[in-house]
Each structure stands twice: as C-alpha cells, then as structure tokens.
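Structural overview
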Amino acid sequence: MQTSAALNRIQPSATLAMTSKVFELKRQGIDVIGLGAGEPDFDTPDFVKEAAIEAIRAGKTKYTNVDGTPELKQAIIAKYGRDNGLTYAENQISVNSGGKHTLFNAFCATIDAGDEVVIPAPYWVSYPDVVEFAGGKPVFISAGAEQGYKIKPEQLDAAITARTKWVVLNSPSNPTGAAYSAAELRAIGEVLERHPHVLIYADDMYEHILYDGFEFATIAQVCPSLYDRTLTANGVSKAYAMTGWRIGYAGGPAWLIKAMGKLQSQSTSNPSSISQAASVAALNGDQSFLKERVNAFQGRRDLVVSMLNQINGMTCPRPEGAFYVYPEFSQLIGKTTPKGQVITTDEEMVGYLLTEARVAAVHGAAFGFSPALRISYATSDALLTEACGRIQEACAALR
C-alpha cells in the first residue's frame, strides 16, 4: 500500500522529532539536556487551570461551534482591540486546535496547485510543508545574521510574482527571535500595497515575549490598507504556557474565516471545549504575570548569548523576542571531532552535540538556513549554564 502524493510532499516536524528523541533518551536514564522544544518551562497560571476545572464541573463538555464559542471569540476580539488596535466582528474570528491548525486551515482553504507562498528564511519548520501539502510552492527569502535575520523590502518586492498567494511574516520569529519594528513593518507594507493580489499571514504567536523595551507591532495595525487581506494569527500556547491545551486563533476577512471554518467542519470540528473555557480566562484575566516571566526569559537570553559568543567560530545574535537563539557557526564546518568525524553539516553538528555533549538542539537546515542551530532557552538558568558549558567544551575539542 502507498501513502498519498500530498503526504509524500512533506516531512515530519524536525522540532517534534528532536523532542521525542530527548524523551526516549531520558527514559533510558541518559543525562541529556533538551534545548529543542518550543515551549515555556513555566506552568499554566493557576487562574486559568481553575477556569478549566470550573468548566468541567459546569458540564461544559459538549460540542461547541466549529470555530469557537461566542465567549472565546469575544475575548479574542477584546484582546485584538486592547493589544493591537484592531477591530473584528465574531464572523472575522477563527479558533483552532493550536497555531499550526490555524496555518493548515488558512493555506489548505486558499492554495491551489502552483500558487506561491513567500517565506522569509530562517522560518518555522511547518510553513513550507503545509504549503507543499496544499499543492503550493514555497518561495524563500534568505535573511542572515548580518541583517538581523529580517528581510528587506526590496527582497520581498523581488520575490513576489503574479502567482504569489501569501506572504508569511513571523515576528518575533521562531527560530531566531528577531522582531520587526513598526517602521520596518511599514516599509514592508508599502511593498505589499503595490501587490493587491497577495494575502498576508501575520504570525504573532510570540507577541508578549519581547525584551529591552521593544514595542510589538503587527502589520494590519501599522498598515490599515492591508487589513482586508491580512490574517493575524496568535494563540495562548507561548505567553500563557498552554502548549498542551491546543488553542490557536486568528482574525481576518470574513470570507477567509468562513472558508477556514468549512474545512474545520470536516476535519477536527471544534477545539476542546475545556481548553476554550481556559483560554477565555487567560485572555480576559490579569496579565501582570507576563512581565515577570518575560524578565526571566530576558535573563536567560543574556546568559545563553554570552556563553555561546565565547565559542571560537560561533556567532550568536541577541534576539529581540521569543525564547530562541540561532547561532551561526560556518567557521566550524570542516572541523574534526575527537573521534575523527568531519563536521560537514549542521545536522552532523547536532548529532555530535547530542552524543558527546548530551545537549539536544535542532539543526538549522530544518529552518531553511545553515549552518546554524536553534536553541531554546525556555528552561532554568542552572540547566542553561550546564548545557552551554557542555557546548563550549564540545566545540573546543574540534580540530
């Protein structure tokens, strides 16, 4: 028996594969520090848990509207108005089983064979695979450390063709943590204004995790002319430490939200009713805890950036947000390990660090930009210090 052509166009998620490998190594009793998972180590806030427990006790365990309860849609509408100055009606809001589900619904509901989707690289691993699953063609714009892992307007203009269906903007970025300022988004928006056939996917999942006073902006906010063709996507996973609750959401044009709902009605149907009730509490509740957590993340960022930049041959830019660093190490390619292996790719570097240093990261090729690593610093200072020390020793042993 054979699997479908659509399935054969995609690869398993590299980040989830590494997470599974770490789970298995730990199960075997091996001392490995996992820096590959994209989730906060903080717990879901207690007031959110209590809302979920109350929902269970109140019998809110039945089907809901396919794309979200009215209560959650109203909480999302309030959030967009409060945080982003964006106004939506309920028929402009989609609630999904995680941010990846939002992406899948949007692309599979709109992409035809041969449609192009412009994706800045480095990119989140799922963007190109979902495009290819839907029959589209990813078009990559490379933006390296020398330009802060952010694309320039002229690069975007050159990448757009008559076949372009979507442009993806992710700020702060997974995997680099790079974030676009309002002025930078405005310049990109001026390019998109000249191409009215292009839809914009604004992935704002890490909106609340920003450092050094950096002010968040999203493109529909700074370029109101693009509002009618922008899907502004977000979720509760990262800021509220609710990765396992699986709630993503988006605001956008009513026709697109309706199309996404049609697809969802024949796939997952509604997201978990309990998770939706918890998300209402998260979005409507006291947001003050976010600052304390961001302060902790910022200290971890500074620790990791400092230690990785002490490695000869490795350059680690200081990200504006999220909880990842993306160190580049082209000067280490071609070096030889103590066991005689020549490091020729970043995937081989990841394997070397896992077996010899017992530190798990994700190779840059999975994110479309090599040679580099994505390292998550969403863990304790003690573990990060130990992990970075192990990486330092492993890299110093290369000859």
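Summarised in this report is the structure supplied together with it. (Residues numbered from 1 in each chain as written. Predicted model: local features only at pLDDT ≥ 70, side-chain atom pairs only at ≥ 80, totals over all residues. Heavy atoms only, no water.)

1. Points about the nonpolar core
Basically, it comes down to this: Side-chain atoms within 4.5 Å are what join buried Ala, Val, Leu, Ile, Met, Phe, Trp, Tyr and Cys residues into a set we call a nonpolar core. Only protein chains enter the area calculation, which uses a 1.4 Å probe; residues under 20% of their type maximum are buried, those over 50% are exposed, and those in between are partly exposed. The domain boundaries here were taken from an automatic or database domain assignment.
The biggest cluster of nonpolar side chains holds 78 residues, and the ones touching the most others in it are Phe107, Trp166, Tyr201, Leu231, Leu308 and Met349. Mapped onto the domain boundaries, this core takes at least three residues apiece from domain 1 (5–43 + 289–394) and domain 2 (61–284). Counting 27 residues, the second largest nonpolar core, distinct from the first, contains Leu86, Tyr227, Ala239 and Val280.

2. Focus: helix 3 (residues 46–57)
Rules: Helix and strand definitions here come from DSSP, where helices need a minimum of 4 consecutive H or I residues and strands a minimum of 2 consecutive E residues; each element is numbered from the N-terminal end. Multiplying one less than the number of residues by 1.5 Å gives the expected span of a helix. Directions are taken from the helix axis to each C-beta atom, and the arc is the one they span. The contact criterion used is simple: two residues touch if any of their non-hydrogen atoms lie within 4.5 Å.
With twelve residues, helix 3 should cover 16 Å at 1.5 Å per step; its first-to-last C-alpha distance of 16 Å lies within 8% of that length. Every buried residue belonging to helix 3 is among Val48, Ala51, Ala52 and Ala55, and all of these are buried. One side of helix 3 carries all its buried residues, which in axial view fall inside an arc of 100°. With respect to the buried face of helix 3, the exposed residues turned more than 90 degrees away are Asp46 and Arg57. The secondary structure elements touched by the buried residues of helix 3 are helix 11 (273–284). Just beyond helix 3, the residue with positive phi is glycine 59, at close to 80°.

3. Considerations on the side chain of threonine 379
Note that threonine 379 resides in the loop between strand 12 (373–376) and helix 14 (381–396). Setting aside residues up to four positions removed in sequence, threonine 379 forms contacts with Leu35, Asp41, Arg300 and Leu384.

4. Some thoughts on the environment of methionine 260
Inspection of the secondary structure assignment puts methionine 260 in helix 10 (residues 254–265). Take methionine 260: its relative accessible area is 0%, and that puts it in the buried class. For the pair methionine 260 and alanine 106, spaced 154 residues apart in sequence, the C-alpha separation works out to 5.9 Å.

5. Details of the sheet that holds strand 5 (residues 164–170)
As a reminder, the rule being used: Think of it this way: DSSP has to see at least two bridges between two strands before they count as a pair. Axis definition: a line fitted to C-alpha atoms, over the contacting stretch in the case of helices. Angles run 0 to 180 degrees between N-to-C directions.
Spatial ordering of the open sheet is given by 2-8-7-6-5-3-4, a layout of seven strands whose pairing is mixed. Looking at strand neighbours, the two that pair on one side only are strand 2 (93–96) and strand 4 (137–142), the edges of this open sheet. In this sheet, adjacent strand axes meet at a mean angle of 20° when their direction is disregarded. Strand direction decides the pairing type here: strand 3 (residues 116–121) and strand 5, joined by three bridges, are parallel. Within the sheet, the bridge partner assigned to glutamate 116 lies in strand 5 and is threonine 164. Of the strands in this sheet, strand 2, strand 3, strand 5, strand 6 (199–203), strand 7 (230–235) and strand 8 (248–251) are in contact with helix 5 (residues 99–108), which crosses strand 6 at around 175°.

6. Observations regarding the layout of surface pockets
Operational definition: Using protein atoms alone on a 1 Å grid, points that fit a 1.4 Å probe yet trap it form a cavity, whereas open point sets bounded by protein on both sides within 12 Å along at least five of seven lines form a pocket; residues with an atom within 4 Å of a point count as lining. Grid points are joined across faces, edges and corners, and a volume is the space filled by probe spheres set on the points. Nonpolar residues are Ala, Val, Leu, Ile, Met, Phe, Trp, Tyr, Cys and Pro. Charged residues are Asp, Glu, Lys and Arg, and all others, Gly as well, are polar.
Roughly 580 Å³ of internal volume is contained in the largest pocket. As for the largest pocket, its lining consists of 28 residues, and the residues nearest its centre are Gly38, Lys100, Trp124, Lys238 and Arg246. Elements represented by at least two residues in the lining of the largest pocket include exactly helix 2 (14–27), helix 5, strand 6 and strand 7. Among the elements that make up the lining of the largest pocket, the one with the highest residue count is helix 2 (four residues). The residue makeup of the lining of the largest pocket, split by class, is eleven nonpolar, eleven polar and six charged. Composition of the lining of the largest pocket by domain shows at least three residues from each of domain 1 (5–43 + 289–394) and domain 2 (61–284). In this structure, the second largest pocket occupies an estimated 390 Å³ of space. Forming the boundary of the second largest pocket are 17 residues, of which Gln11, Ser13, Val125, Ser126 and Asp129 lie nearest the centre. Only helix 5 and helix 6 (126–133) provide two or more residues apiece to the lining of the second largest pocket.

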